[in-house]
Amino acid sequence: MEYFQHIVYFVIGAVLGSFYNVIIYRLPRGMSIVKPSSHCPACGTPIRWYNNIPIVSYLLLRGRCAYCGASIPLRYPLVELSSGSLAVLCALKWQEPISALVFYVFFSILLVASLIDWDTFTLPDSLTLGGLAFGLISSLFREDFSFVDSLVGSLSGAVPFLLIYLYYVKLRRFEGLGFGDVKLMAFIGSVGGVWAVAYGVFIGSVLGLLYALPLVIKNRSFQFAVPYGPFLSLGCFLGLIFDLKRFILSS
């Protein structure tokens with residue numbers, strides 16, 4: 001029975017992941033995420049339901065549109081797979097249903113926001129500020145996290161990043177840190193608290209450095225931009241999933 005539940009969670013997550021792909025593509029382009037229905041970006045043909053089954057259709061179609069043969073980005077099934085896996089992972093990690101649901105939504109928003117940031121160097125307010133509102137409101141229904149925890153967490157994420165943002169904009173006269181990252185950290189703190197903010201900053205910075213260092217060596221220059229949001233999100237995710245707080249406090 002438990003295995004069956006996890007299969008159901010995975011299927012639901014994968015279906016939602018298909019919708020996340022729509023959001024990732026349309027939201028930064030200012031398009032409606034509801035209309036028109038899913039269609040091939042290359043030929044514009046509406047995709048029939050049997051060609052739009054998460055993961056399965058991609059494999060059956062061998063990664064190509066059924067109508068024009070255009071290549072379908074591998075990201076699509078990977079997002080669906082990630083979303084399905086997140087649903088199962090949250091159910092296993094957080095036994096309390098409300099907390100499991102909250103963290104699934106949390107990680108889903110981080111996933112969508114990270115991919116949009118990676119593509120466009122922007123973090124839409126509908127995700128960051130909407131996520132912040134979600135974090136504050138959902139804290140009222142959680143057993144492991146209070147509204148005060150959520151408020152303190154959001155401030156611990158927003159204030160330091162806001163100061164860094166103002167330092168660069170006002171004193172250095174360039175945007176060394178995007179304002180979207182300020183709102184992202186407020187969102188992260190509102191759901192995961194102070195520890196999630198710490199995970200995002202420290203682990204995310206290490207991951208970002210590991211990614212950027214080969215580029216610095218290759219280009220022999222620091223004159224390039226790297227989106228910070230995906231690394232902040234991944235650092236937060238890893239810290240929460242592996243419960244590094246317990247490891248740190250017990251050591």
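The structure this text deals with has already been given above.
Below or above, wherever it landed, is the structure these notes cover. (Residues numbered from 1 in each chain as written. Predicted model: local features only at pLDDT ≥ 70, side-chain atom pairs only at ≥ 80, totals over all residues. Heavy atoms only, no water.)

The terminal C-alpha atoms of helix α3 (residues 75–93) lie 26 Å apart, and with 19 residues this matches the ideal 27 Å at 1.5 Å per residue to within 8%. If you check which residues of α3 are buried, you get Pro77, Val79, Glu80, Ser83, Gly84, Leu86, Ala87, Val88, Cys90 and Ala91. Looking at the buried positions of α3, the neighbouring elements they touch are α1 (2–26), α2 (56–60), α4 (97–120) and α8 (229–241). (Helix = DSSP H or I, 4+ residues; strand = E, 2+ residues; numbered from the N terminus. Expected span 1.5 Å × (residues − 1). Buried < 20%, exposed > 50% of the residue type's maximum accessible area, 1.4 Å probe, protein only. Contact = heavy atoms within 4.5 Å.)

Moving on, we get to the pattern of salt bridges. Tallied over the full model, the rule gives four salt bridges. Among the salt bridges present, the one from Arg142 reaches Asp144, with a minimum N-O distance of 3.3 Å. On the accessibility criterion, Arg142 (8% relative accessible area) is buried. You can call Asp144 partly exposed: its relative accessible area is 43%. Across the pair Arg246 and Asp243 runs a salt bridge whose closest N-O atoms are separated by 3.3 Å. A relative accessible area of 63% means that Arg246 is categorised as exposed. (Salt bridge = Lys/Arg side-chain N within 4 Å of Asp/Glu carboxyl O.)

Where a protein is soluble and globular, its nonpolar side chains tend to be buried together. In this structure, Phe103, Phe106, Phe107, Leu110, Ile188 and Leu240 are the most contacted members of the largest nonpolar core, which totals 42 residues. Counting residues per element, the ones that place at least two in this core are α1, α3, α4, α5 (125–138), α6 (147–172), α7 (179–219) and α8. Here this core gets 13 residues from one element, more than from any other, and that element is α4. In this structure Phe106 touches Phe134, Phe187, Ile188, Val191, Cys236 and Leu240, once residues within four positions along its chain are discounted. (Core = buried A, V, L, I, M, F, W, Y, C linked by side-chain atoms within 4.5 Å.)

Bringing the packing of α4 against α7 into the picture now. In the contact formed by α4 and α7, the axes pass within 13 Å of each other and the chain directions differ by 50°. Accordingly, the angle class assigned to the pair α4 and α7 is oblique. Helix-helix and strand crossings are classified by hand; for α4 and α7 the assignment is right-handed. When α4 is examined against α7, the residues Val102, Phe103, Phe106, Ile109, Leu110, Asp117 and Trp118 are found in contact with a partner set consisting of Asp181, Leu184, Phe187, Ile188, Val191 and Tyr211. Of the residues contributing to the contact of α4 with α7, the split by class is eleven nonpolar, no polar and two charged. (Axes fitted to C-alpha atoms, helices over the stretch in contact; angles between N-to-C directions. Parallel < 35°, antiparallel > 145°, perpendicular 65-115°, else oblique. Left-handed = near helix turned anticlockwise from the far one by under 90°. Nonpolar A, V, L, I, M, F, W, Y, C, P; charged D, E, K, R; others polar.)

This next bit is on the state of the cysteines. Among covalent bonds in proteins, the disulfide is the one between the sulfur atoms of two cysteines. Under the counting rule described, the total for this entry stands at zero disulfides. The cysteine Cys68 is free of any disulfide, with Cys43 supplying the nearest cysteine sulfur at 3.7 Å. Taking relative accessible area as the criterion, Cys68 reaches 39% and is therefore assigned partly exposed. Just so you know, Cys90 is unpaired, no disulfide at all, and the nearest cysteine sulfur is the one on Cys236, 11 Å from it. (Disulfide = S-S within 2.5 Å.)

Turning our attention to the side chain of Ser18. Here Ser18 shows up in helix α1. Aside from chain neighbours lying at most four places away, what touches Ser18 is Asn52, Pro54 and Glu80.

Take unusual backbone geometry next. Here the amide bond leading from Lys35 into Pro36 is cis, since omega sits at -5°, within 30 degrees of zero. Mapped onto the elements of the fold, Pro36 is located in the loop between α1 and α2. The phi dihedral of Ile55 falls on the positive side, at around 65°, and the residue is not glycine. Topologically, Ile55 is positioned in the loop between α1 and α2. Look at Asp243: it is not a glycine, yet its phi comes out positive at around 50°. For Asp243, a relative accessible area of 24% translates into the label partly exposed.

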